[in-house]
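For reference, the chains in residue letters:
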Amino acid sequence: MSILVKICGLKTPDMVDAAIAAGADMLGFVFFEKSPRHVSLAQAAALGAHVAGRAQKVALTVDADDAALDAIIAALKPDLLQAHGKESPARVAEIAARTGLPVMKALGVETKADLAKADAYAPVCDRLLFDAKPPKGAILPGGNGAPFDWEILRGFDPGRPWMLSGGLSPENVAQAVRIAGAPGVDVSSGVETAPGVKDAGLIRAFVAAARAA
């Protein structure tokens, strides 16, 4: 089965087109005002309509309350919700039940012990995302361009579909996939020329490298 590829933090129709043309399966849109990749509800509505069923739309949220989730869902009409904050297993289950949408829970990883968190989340989410823990003092919970030791994930089975994120780039994604055995990869800063500024060439190179792995 071909590896799933998600390009996250898209902000413009041109980059949506570039990601789809490159063969990305999932397109991520960030709803977190502190992020350089944040999109407004109006932007999300336009971008969501532009995708027009050509790829899965993922709404990345950080500890969003019900009202915020309702507004995001109405604007983007996502296929998947990504919970990238400190949402508890109970909150993840609540989001899934309330919205009727599949949920991917992001978990920060630094050491092998961090993988134990997956036990509590796997029963209540549809997919897991193993991301690098943000550096101390970081404002963003993800998209910091820092990888973690992929050996931690070698042979690991969380009992749910999962993806790998954190510091991935066209140069290292094939190695990351081989070491971690990841069935899916997620990139944001690794295909940018500046924070929040995606590059079509880097997107193409990333998808090609991931699939070649």
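For the structure given in this document, a descriptive report is provided here. (Residues numbered from 1 in each chain as written. Predicted model: local features only at pLDDT ≥ 70, side-chain atom pairs only at ≥ 80, totals over all residues. Heavy atoms only, no water.)

1. Considerations on the overall build of the chain
Next up, step 1: Scanning the chain from N- to C-terminus turns up seven helices and 10 strands.
Next up, step 2: Taken along its principal axes, the extent of the C-alpha atoms in the chain is 40 × 40 × 35 Å.
Next up, step 3: Across the 213 residues that make up the chain, the buried fraction comes to 52%.
Next up, step 4: If you take every contact in the chain between residues at least 6 apart in sequence, the share linking residues at least 24 apart comes to 56%. (Helix = DSSP H or I, 4+ residues; strand = E, 2+ residues; numbered from the N terminus. Buried < 20%, exposed > 50% of the residue type's maximum accessible area, 1.4 Å probe, protein only. Contact = heavy atoms within 4.5 Å.)

2. Considerations on the environment of Ala118
Next up, step 1: Note that Ala118 resides in helix H5 (residues 118-121).
Next up, step 2: Counting along the chain gives 25 residues from Ala118 to Ala93, while the straight-line C-alpha distance between them is 14 Å.
Next up, step 3: Ala118 has contacts with Leu107, Leu128, Phe130, Phe156 and Pro158, leaving out every residue within four places of it along the chain.

3. Considerations on the pairing of strand S8 (residues 184-187)
Next up, step 1: Judged by which residues are buried, S8 turns out to be covered on both faces: Gly184 and Asp186 on one side and Val185 and Val187 on the other are all buried.
Next up, step 2: Both strand S1 (residues 4-8) and S8 contribute to a ladder of four bridges, which runs parallel. Each residue of the ladder has a partner; that of Ile7, found in S8, is Val187. (Pairing = 2+ DSSP bridges.)

4. Details of the nonpolar core
Generally speaking, a soluble globular protein has its nonpolar side chains buried in company with each other.
Next up, step 1: Core analysis: the largest hydrophobic core is formed by 62 residues, its most contacted members being Ile7, Leu27, Phe29, Phe130 and Leu164.
Next up, step 2: Ranked by the residues each element gives to this core, the list is headed by helix H1 (residues 13-22), at six residues.
Next up, step 3: Dropping the residues within four chain positions of it, Leu27 is found in contact with Ile7, Leu10, Val16, Ala19, Ile20, Val51, Ala55, Gln56, Lys57 and Val58.
Next up, step 4: Core analysis: the second largest hydrophobic core is formed by eight residues, Met26, Val58, Leu80 and Met163 among them. (Core = buried A, V, L, I, M, F, W, Y, C linked by side-chain atoms within 4.5 Å.)

5. Quick notes on the environment of Phe130
Next up, step 1: Mapped onto the elements of the fold, Phe130 is located in strand S6 (residues 127-132).
Next up, step 2: The spatial distance from the C-alpha of Phe130 to the C-alpha of Leu164 is 5.1 Å, given a sequence separation of 34 residues.
Next up, step 3: If we ignore the near neighbours within four places in the chain, the residues touching Phe130 are Leu107, Val109, Leu115, Ala118, Phe148, Leu153, Phe156, Pro158, Trp162, Met163, Leu164 and Ser165.

6. Observations regarding the pairing of strand S5 (residues 103-109)
Next up, step 1: Taking burial as the measure, the seven residues of S5 include six buried ones, the bulk of the element.
Next up, step 2: Sheet analysis places strand S4 (residues 80-83) next to S5, joined by three bridges and oriented parallel. Paired with Leu81 across the two strands is Val103, which belongs to S5.
Next up, step 3: In this region the chain leaves S4, passes through helix H4 (residues 89-99) and returns to the parallel neighbour S5; the handedness of that crossover is right-handed.
Next up, step 4: Relative to S6, S5 runs parallel, the two being bridged by six bridges. Pairing of Lys105 across the sheet is with Leu128, part of S6. (Right-handed = clockwise from strand over helix to strand, strands pointing away.)

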